[in-house]
Amino acid sequence: MALIQLYTRYNRVWIPDEEHVWKSAEILRDYHYGDDILQLLLEDGTEFKYTVDSSPPQLPPLRNPDILVGENDLTALSYLHEPAVLHNLKVRFLESRIIYTYCGIILVALNPYKQLPIYGDAIIHAYSGQNMGDMDPHIFAVAEEAYKQMARNHRNQSIIISGESGAGKTVSARYAMRYFAVVSKSGSKTQVEDKVLASNPITEAIGNAKTIRNDNSSRFGKFTEISFDSRYRIIGANMRTYLLEKSRVVFQAYNERNYHIFYQMCACAHLPQFKALQLLSAEEFHYTGIGGDISIEGVDDRKSMEETQRTFSLLGLNEDFQSDVFKVLAAILHMGNVEIKSSGDDRSSISPSDTHLHIACDLLGVRADGLVRWLCNRRLVLVAETVVKPLHKDRAVNSRDALAKQIYAHLFDCIIKRINKALQVPGKQHAFIGVLDIYGFETFDINSFEQFCINYANEKLQQQFNLHVFKLEQEEYMKEDIPWTLIDFYDNQPVIDLIEAKMGILDLLDEECLFPQGTDQSWLQKLYNYLDSNPLFERPKLTNDTFVIQHFADKVEYHCRGFLEKNRDALYEELVEVMRGSQFPFLAKFFQEDEQNIPSIKGIKVKSARPGLKPANKQLRTSVGDKFCSSLALLMATLNATTPHYVRCIKPNDEKLPFEYHSGRVVQQLRACGVLETIRISAQSYPSRWTYYEFYSRYSVLMTNQEAGFNDKTQTCKYVLQRLIQDPNQYKFGRTKIFLRAGQVAFLEKLRLDRLREACITIQKHVRGWIQRKKYLRLRHAAITIQQYTRGKKMIRKAVSAANLKQGWAAVLIQRYWRGFRIRKVYETKMTSLQGKIDGLIIERQKIENNFEASSKEQREKFDKVKMNLLEEKETQTRLRKIAENNLEMQRQHHEKELGSLKEEMRRLKDERVGLQMKLDEDGRVNTDLQDQVAQLTKHVKVIPELRKDLSNLHNQKNTIDRKMKQQSEEARAKLTEISRLLAGSVVEEEVLVGLTAYKSEKTYEAEDLLAAFDGLEKATRTLERHRKEQKAIYETHVERLTMKADYLQNENSRLQNLFTEKNNLTENIRQEVCRLSSENSVIPELKVQISELQRQKKGSEVLIEEQKKELAEKSEEIKNVLQKKIEEEYSKRRHFEEQAEVLEEDKKELQGKIKDLQEDNDHLSRQLQMDRDAKNRLRLEVTQLSSENIDFEEQLHQKDQWIKKLENQIISLETAQKVKKTPSSASPKDYLGMLEYKKEDQSKLIQNLILDLKPKGVAVNMIPVLPAYILFMCVRHADYLNDEEKLRSLMNATISTVKKFTMAHQNDLVSLSFWLSNMYQLLNCLKQYSGDEEFSKQSTPRQVKNCLQNFDLSDHRQVVSDLAICIYHQFITAMERALTPAIVPGMLEHESLQGISSMKPTGFRKRSSKNSDDTEMFTVSFIIQRLSHFHTIMSQHSMEANLIKQVVKQLLFHIGATTVNSLLLRKDMCSCRKGMQIRCNISYLEEWLQEKELQSSHFIDTLKPLTQAAWLLQVSKCTDEDAKAIIEKCTELNTVQIAKILNSYTPIDGFEKRVASSFVRKVQSLRQDHDGSAQLMMDADYRFPVTFPFCPSSQALELLQVPNSLNLEFLNMI
């Protein structure tokens, strides 16, 4: 739709107004092309006829719909023009009390002249990490965007802050630097962030002053480069200053002040460190009292001086440097009081007795006579001579003032250099962010050289700004593939050329300064002559000492007086020589001859805006204008090499009144700072830009049913827009956005509002019709009912007469009497029969009672007999059980003794084997005398048959033993088979019998249930049988080896016989035999390995048997309840069980006999071993039998080891069989004390395996999650039991330090933190429960009380463990909050759980996004609930105490609520009625989750009260006084500042809603005055509720705990 078609009735426009610049009016009649008058209705009710030029029509600008007013970004407005911008700023500033507004890439900041609670650290953290358009406009948002782009794009950034004096530039720059200091903490000891911030008070003290417009006006430009390292932490800063206003040192206008530092010194003149300066009050010094006003309201100069000195010290500027600075400043003050008198004839003089002169000279370290001479005279160097010329008083005063200005300028530069040096720390700069605090465009009644330079700098900055805006606009069009058309924008290059080009203003000024006789008037005349033809230069008609320049902002008239003097900035060489000769080194350095080097920027290549000027000579290069041009060029080069961010500070009024808005002053500054130029550039193309998702969500109500059914939302948006707006030139479709021309959004909003209004009317129509129909049906029903009763009465009156009534009454009376007679007859008959039946029943009842009594007596007698029998049987069984236990205990002790003796025998055999090894070593030495051995062999040949006979005997004995063992093994196998058969048939009955005895004849067993229990025994029997077979195979292998060795002995005999005939080869053969013997000795280590393997198998069998025993005990416990019911059925089988028990007892005796036989065999073997040892001694004398002796002994030793192992296995098998016969009881086989023993050297292994290497998800730990706590406490108990304080303290300290170190290293591991939090909590409970204190032992069992600590008081350790648990708790909370925080705002605030209730509104440049609809909701409230459930599951798996889980959930809910409220307070776009409904819906989901986890009774939802009340506040009516009272009563958890912020930020979504009036907000604030509360805007989202660890006694019996093998804690022993 064309813009002219929008001028219809009821639309509103803006018309010019002298007082308010613009005022609103409503169109009374549609405008048609060609009309010359537009009928308007003003806001005061008067009609106004606006004249319109017919060709082309110049219509007044249209006003935006109310729902677009007050937007965060001015570019979101449908109509972009000056009145729209002015009105939007006014609404935000006055009604919403919001001082920041975006205008595309610019942040517009209005000075509120009031301290606002929006700059705290909580606000900084809220903006940190956020996208710029997601939060309300703020200086922190700009700083965050610069910081984020620096880190993301690796490009230097700059923040350009400009504005008039008093607009708040310095404060904005200070807040920006404070933001960087907070979010980029380096953590180093250099405190570089504090130093950067500390530089502000110093620079403000020496460079700021009070002016008419501002109490703290910066009188210099400052560009601060904040340096960052590769991790984007501040490592330093550097300041560059521009155009210090030196004239302020010697002159101030009325009601203005000099620089703050002078007044601070005068206020502290009485302090000892300032006594030597001989300072007076500020009124008494000429340089500080010339302005008349020496104080600033609300500022204490004495405290400011303390702050200045403190920051000097913080920057490392010591007291000596400070003293030098103060001496120079005091000298300047005294110099200003030096009185210069006129002596006539254009001469001047200074009194030699002038006190201030001598004080100034003493402070400066110069001679008074030299200073006086050259203040009042000047030296002229001619061709032939040098002449001293006296100066007039005015020239002498100017000379004094020039010296004061020059000294102050040098001092200022010196302090800045020292600050820069202090701000440099070691480290390489990776990037920087520059903050430019520079003066804005200035125009006064009298504008001089300073204003000229300032406006020239702003022209350069404006040019750079225009190019940047133009570039961004072009980039966005190209990104969206939209054809780019050249946009006409203001180019101020002609103005810049007028100033800086050749033969420009500055060039002519420098040229005029070259002439000694040059004056301001001569220079002005040159301007008139050379520049009169330039359209941007004007010559006033009424005056001859001014000129006018048409700047981009406005025309400015400059007075030429003082231009040359200020540009020269000349100081007589004689005074410079005096200063160089100063005895004060600090001052003398200021005037040393230094070559002036123009700094350059390394690595930055920038195309200059104009070609460099070539100065004519040295003097021209040193002029103030030339210096300023050079520094400005350097600044522009720096800015062009960075990504700029713009902040425009605006003064809303000149009276410095809080929240007062003068439209005239504001619009003047908007025009000057480039904001309106940005608006104009945007409005020329397509200013309104929507993503397809935003357009679809907002205007879905305008879609037809067919269009709404399309799946492709992008195509749907195109169809809708093409249908609604016929002119295709009014919009463009980009890749991700829709571009709309000015006014089209307002047109769409009008269509949307009309559609909603029609829908409302339709709904109202149907609802009202339904109400009326319901009312009609109710009235109709009532009328019909009344008609029925009326007609009935009429019929009754017609049908009823007196006679009929009498007859009817008589008939009724007769019926009554007749019916009564009939009933009495029936009653009498039934009563008679019923009485007879009752008598019979009574007789029958008596009979039954007699029979029951007799039967009961008989049953009681039988029961007594049964009871007596059971008691007798119980006593018998108890006696039998005791006898059996005594016998078994005796047998067990006997077997243990036998086993000990066998082990002793094994050790003895091992010792003998060692002795044998020693003998073998001795045998090796025999080889040296081989010839003697051969001689002896001949003597002992006769002994060989004897040895063969002994060998045969030994072989026979071996066979005999083998047969016996085989026979015994067969007998044992048969007996075991018989036992297994008995177990299958009758052992069950014995188990039941023994079970009855063990449980006092109260329970028995079923055979079929115990068969499964003895399956394990049968498996064990099969395992033993298989092991026996393996041992038999090994034994047969050894027999074969023995046979082979016997054969070898025969061969050896033959070989010895051959030795007699082969004496020559005897030596070689014996050497080979020795080598063979050495190889045979290597068999001994193998035997050792086999022995250790058998011992390990023995231990494994014992463990297996122990586990089977425990399984039997558990199964017996399960069967007890079932067997109790079957005692009566099993009673008849008891005798049979006793017989079976006797049979088993006999079998047991037979097995014991076998054991005795085995023991006898063992003794026989021992004796045989002794015989072998004797034979070995005999054979030792025979050298020829060394090999035989060695082989026989090894074989005998191995054989005995095998026999010992076999006997031990048989003994274990028999003991196992006997133990299985016993009834498993609940008592443990060993009465443990619940302690774990370990060696001190194993403490490190305990800590390593139990803490560092433990996996919380392990199987063993999952069975008892707090098992590590129990194990540690059991170790502590053992140390207490031993009364070993050193061991106890070492264990506790190692545990605490290791757990702390482990949790610190796993701060993000929720599972580990939850696991150790539960364990430390349990350890703390154990330390309390077993401490022996009565208050902790009330709920303990007697055994637990008995196990209390006896020797040490661990109350100190309890406190340390409690502190550690608290630390882990906070780490756990922090880790969960860190995981949850990214989802809180998107899930709780941005996510729209209620479908169809969208709060989407038009957005501006900062809010534009290229995300699709699928990417806009990454986090939802369901995700938050899933995370909470995950946290709850982790805590439950680790058996965390329920009270502790509740504290965690309460803390997390508070964090969710506080974070959401804080984001809501900083997001005006979220403060709407619909958003309140969405928030309340999301809260209900959290309530359902609490109910699901059974936590609703703990009132945790109360922690969300601030959020709930904020959501309610968005939905409730906000108009009347009753509404205000209701808000006060309801919103008890929100303070006044937060309520006012929400009310001021309330934003209507549709035209049906209204904004909150300022009067209503003030009403609420007045009602809240009596309520004491915090004045902070933000909630403390990091607040922690105090955590408590209530004492929870454990019912776990320590003596029943088992340490799993998976923990690798084999070195721990149960005590």
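Each value, and the rule that gives it
- Residues numbered from 1 in each chain as written.
- Predicted model: local features only at pLDDT ≥ 70, side-chain atom pairs only at ≥ 80, totals over all residues.
- Heavy atoms only, no water.
- Helix = DSSP H or I, 4+ residues; strand = E, 2+ residues; numbered from the N terminus.
- Buried < 20%, exposed > 50% of the residue type's maximum accessible area, 1.4 Å probe, protein only.
- Contact = heavy atoms within 4.5 Å.
- Areas by Shrake-Rupley, 256 points an atom, 1.4 Å probe, with all protein chains shown as cover.
- Salt bridge = Lys/Arg side-chain N within 4 Å of Asp/Glu carboxyl O.
- Pairing = 2+ DSSP bridges.
- Core = buried A, V, L, I, M, F, W, Y, C linked by side-chain atoms within 4.5 Å.
- Axes fitted to C-alpha atoms, helices over the stretch in contact; angles between N-to-C directions.
- Parallel < 35°, antiparallel > 145°, perpendicular 65-115°, else oblique.
- Left-handed = near helix turned anticlockwise from the far one by under 90°.
- Nonpolar A, V, L, I, M, F, W, Y, C, P; charged D, E, K, R; others polar.
- pLDDT = per-residue confidence, 0-100.
- Patch = residues over 30% accessible without salt bridge, like charges linked within 9 Å, V, L, I, M, F, W, Y side chains within 5 Å.

Visitor: An account of the overall build of the protein chain is requested, with residue identities and associated values reported.
Guide: Scanning the protein chain from terminus to terminus reveals 52 helices and 25 strands. Scored against the burial criterion, the 1615 residues of the protein chain give a buried share of 49%. If you take every contact in the protein chain between residues at least 6 apart in sequence, the share linking residues at least 24 apart comes to 75%. Summed over all atoms, the accessible surface of the protein chain reaches about 82000 Å², with 52% contributed by carbon and sulfur.

Visitor: How would you summarise the pattern of salt bridges if you had to cite specific residues and measurements?
Guide: Across all of its chains, the model carries 39 salt bridges by this definition. Note that Asp17 is salt-bridged to Lys23, the shortest N-O span being 3.8 Å. Note on Lys23: relative accessible area 30%, which makes it partly exposed. Here Glu1487 and Arg1480 are joined by a salt bridge, their closest N and O atoms 3.5 Å apart. Residue class for Glu1487 comes out partly exposed when judged on its relative accessible area of 30%. Here the salt bridges share partners, and the residues they tie into one network are Glu164, Lys651, Asp654 and Arg665.

Visitor: Please provide a residue-by-residue account of the pairing of strand S23 (residues 737-740), values included.
Guide: Residue alternation in S23 divides its side chains into two sets, Lys737 and Phe739 and Ile738 and Leu740, and both sets are buried. Pairing between strand S21 (residues 688-691) and S23: four bridges, direction antiparallel. By the bridge assignment for S23, Ser688 is matched with Leu740. Sheet topology note: the strand S22 (residues 731-733)/S23 ladder contains three bridges and is antiparallel. Residue Lys732 lies in a different strand from S23, and its bridge partner there is Phe739. What sits between S22 and S23 in their antiparallel hairpin is a turn of three residues.

Visitor: Residues and numbers for the nonpolar core, please.
Guide: Residues Phe180, Ile261, Met265, Ile407, Tyr408, Trp523 and Phe547 are the most contacted members of the largest nonpolar core, which totals 356 residues. Counting residues per element, this core draws most heavily on helix H45 (residues 1355-1390), which supplies 15 residues. With residues near it in sequence (within four places) discarded, Ile407 still touches Val328, Ile332, Met335, Leu364, Met579, Leu587, Phe590 and Phe591.

Visitor: Explain the environment of Met1477 residue by residue, including any values.
Guide: Looking at the secondary structure, you find Met1477 in helix H48 (residues 1473-1492). Owing to a relative accessible area of 28%, Met1477 belongs among the partly exposed residues under this scheme. When the C-alpha atoms of Met1477 and Glu1392 are compared, they prove to be 9.3 Å apart, with 85 residues separating the residues in sequence.

Visitor: An account of the pairing of strand S10 (residues 221-228) is needed here, citing residue identities and associated values.
Guide: When you tally the buried positions in S10, you get eight out of eight residues, the bulk of the element. Here S10 shows a buried face lined by Gly221, Phe223, Glu225 and Ser227 and a second buried face lined by Lys222, Thr224, Ile226 and Phe228. Hairpin connection from S10 to strand S11 (residues 234-242): five residues lie between these consecutive antiparallel strands, with Tyr232 at a positive phi of about 60°. Sheet topology places S10 next to strand S16 (residues 431-437); seven bridges connect them, and they run antiparallel. Residue pairing for S16: Phe223 is matched across the bridge by Leu436.

Visitor: Which residues make up the packing of H45 against helix H47 (residues 1442-1465), and what values do they have?
Guide: Between H45 and H47, the shortest axis-to-axis distance is 9 Å and the interhelical angle comes to 40°. Relative to H47, the element H45 lies oblique. Crossing angle aside, the handedness with which H45 passes H47 is right-handed. Facing H45, whose interface residues are Tyr1369, Phe1372, Ile1373, Met1376, Glu1377, Leu1380, Thr1381, Ile1384, Val1385, Met1388 and Leu1389, H47 presents Leu1444, Gln1447, Val1448, Gln1451, Leu1452, His1455, Ile1456, Thr1459, Thr1460, Ser1463 and Leu1464. Looking at side-chain class alone, the contact of H45 with H47 contains 14 nonpolar, seven polar and one charged residues.

Visitor: If you had to explain the sheet that holds strand S1 (residues 12-17) to someone new, which residues and values would you point to?
Guide: The antiparallel open sheet is built from four strands, whose spatial order is S1-S2-S3-S4. Looking along the sheet, the strands with just one partner apiece sit at the ends: S1 and strand S4 (47-51). Direction aside, neighbouring strands of the sheet carry axes that sit 50° apart on average. Alignment of strand S2 (residues 21-27) against strand S3 (residues 37-42), held across three bridges, turns out to be antiparallel. Its bridge partner lying in S3, Ala25 is registered against Leu42. Contacting S1 and S2, helix H1 (residues 82-95) runs over the sheet at an angle of about 100° to S2.

Visitor: Describe in detail the confidence of the model for the protein chain, supporting the description with residues and values.
Guide: In the predicted model, the protein chain carries a mean pLDDT of 78, and 75% of its residues have values of at least 70. Within the model, the stretch residues 594-621 combines pLDDT values under 50 with 29 contacts to residues more than four positions away or in other chains. Every residue in residues 982-1014 is under pLDDT 50, and counting partners more than four places away or in other chains gives 86 contacts.

Visitor: Could you give an account of a nonpolar patch on the surface, naming the residues involved and the relevant values?
Guide: A contiguous nonpolar patch, built from Tyr827, Met831, Leu834, Ile838 and Ile842 and spanning about 460 Å² of accessible area, is present on the exposed surface. Mapped onto the secondary structure, Ile838 falls in helix H29 (residues 802-926).

Visitor: Give a description of unusual backbone geometry that names residues and reports values.
Guide: The general pattern is negative phi for most residues beyond glycine and trans for most peptide bonds. Its identity is not glycine, yet Leu243 carries a phi of approximately 50°, on the positive side. Checked against the element boundaries, Leu243 lands in the loop between S11 and helix H6 (260-267). One non-glycine residue, Met503, adopts positive backbone phi at about 60°. Here Met503 shows up in the loop between helix H15 (493-500) and helix H16 (505-513).

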